[in-house]
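Results of the structural survey
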Amino acid sequence: MSKVLVVEDSVAQQQMISDILKNSGLKVTVANNGVEALEKIQHATPDIVVLDIVMPQMNGYEVCRRLKADPKTERVPVVMCSSKGEEFDRYWGMKQGADAYIAKPFQPTELIGTVKQLLRG
């Protein structure tokens, strides 16, 4: 069973994303911000990260850059999932190393399809 780390500061969004992924057969852990996410990843590397951008302490762009710069986590796929839906936001997310970018609001099938595709490699 693949392990997903959902990094999202909104409790409602975190719950919704977690439920969608759990219902599609994935094991989900959560972090409330970027700092907590990096701590959790040091202890147990997930198979994929679903990452919000706008968060307190450390934004998703910085988390993504750090994951992609670390040889231990550089191959972990990152899906940025953000309400920042402009073309520039998508471009900037991909420039930080994201493997996919989903704008909120999204369809559950879009999230599941993207995550499963990245897990297959």
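Whatever comes next refers back to the structure up there.
This next bit is on the pairing of strand S3 (residues 48-51). Here S3 shows no split at all, with Ile48 and Val50 on one side and Val49 and Leu51 on the other all buried. Of the strand pairs in this sheet, strand S1 (residues 3-7) and S3 are connected by four bridges, and their pairing is parallel. For Leu5, the partnering residue across the bridge sits in S3 and is Val49. With three bridges joining them, S3 and strand S4 (residues 78-82) adopt parallel strand pairing. Opposite Val50, over in S4, you have Val79 as the bridge partner. Between the parallel elements S3 and S4, the chain passes through helix H3 (residues 60-69) in a crossover that is right-handed.

Let us now look at the sheet that holds strand S5 (residues 100-103). Pairing within the open sheet is parallel, and its five strands lie in the order S2-S1-S3-S4-S5. Either end of the sheet is taken by a strand with one partner, and the two such strands are strand S2 (27-31) and S5. Pairwise comparison of adjacent strand axes, ignoring direction, gives a mean angle of 20° for this sheet. Relative to S2, helix H1 (residues 11-23) is tilted by about 165°, and along the sheet it contacts S1, S2, S3 and S4.

Our next topic: the pattern of salt bridges. For the coordinates displayed, the defined rule picks out seven salt bridges. A salt bridge links Glu8 to Lys104, with the shortest nitrogen-to-oxygen separation between them at 2.6 Å. One end of the pair, Glu8, is in the loop between S1 and H1; the other, Lys104, is in the loop between S5 and helix H5 (108-120), with 96 residues separating them in the sequence. Note that Lys104 and Asp52 form a salt bridge whose closest N and O atoms lie 3.5 Å from each other. Of this pair, Lys104 sits in the loop between S5 and H5 while Asp52 is found in the loop between S3 and H3, placing the two residues 52 residues apart along the sequence.

Formed by 20 residues in total, the largest nonpolar core has its most connected members in Leu5, Val7, Val49, Leu51, Leu67, Val78 and Met80. Within the residue set of this core, elements represented by two or more residues are S1, helix H2 (34-43), S3, H3 and S4. If you tally residues by element for this core, the top one is H3, at four residues. Judged by nonpolar contacts, the second largest core, of 16 residues, contains Val6, Ile17, Val28 and Val79.

So, on to a nonpolar patch on the surface. A cluster of nonpolar residues, Phe88, Tyr91 and Trp92, forms a patch on the protein surface that exposes about 350 Å² of accessible area. Its location among the elements puts Tyr91 in helix H4 (residues 87-95). Residue class for Tyr91 comes out partly exposed when judged on its relative accessible area of 46%.

Calculation criteria
Residues numbered from 1 in each chain as written. Predicted model: local features only at pLDDT ≥ 70, side-chain atom pairs only at ≥ 80, totals over all residues. Heavy atoms only, no water. Buried < 20%, exposed > 50% of the residue type's maximum accessible area, 1.4 Å probe, protein only. Helix = DSSP H or I, 4+ residues; strand = E, 2+ residues; numbered from the N terminus. Pairing = 2+ DSSP bridges. Right-handed = clockwise from strand over helix to strand, strands pointing away. Axes fitted to C-alpha atoms, helices over the stretch in contact; angles between N-to-C directions. Contact = heavy atoms within 4.5 Å. Salt bridge = Lys/Arg side-chain N within 4 Å of Asp/Glu carboxyl O. Core = buried A, V, L, I, M, F, W, Y, C linked by side-chain atoms within 4.5 Å. Patch = residues over 30% accessible without salt bridge, like charges linked within 9 Å, V, L, I, M, F, W, Y side chains within 5 Å. Areas by Shrake-Rupley, 256 points an atom, 1.4 Å probe, with all protein chains shown as cover.

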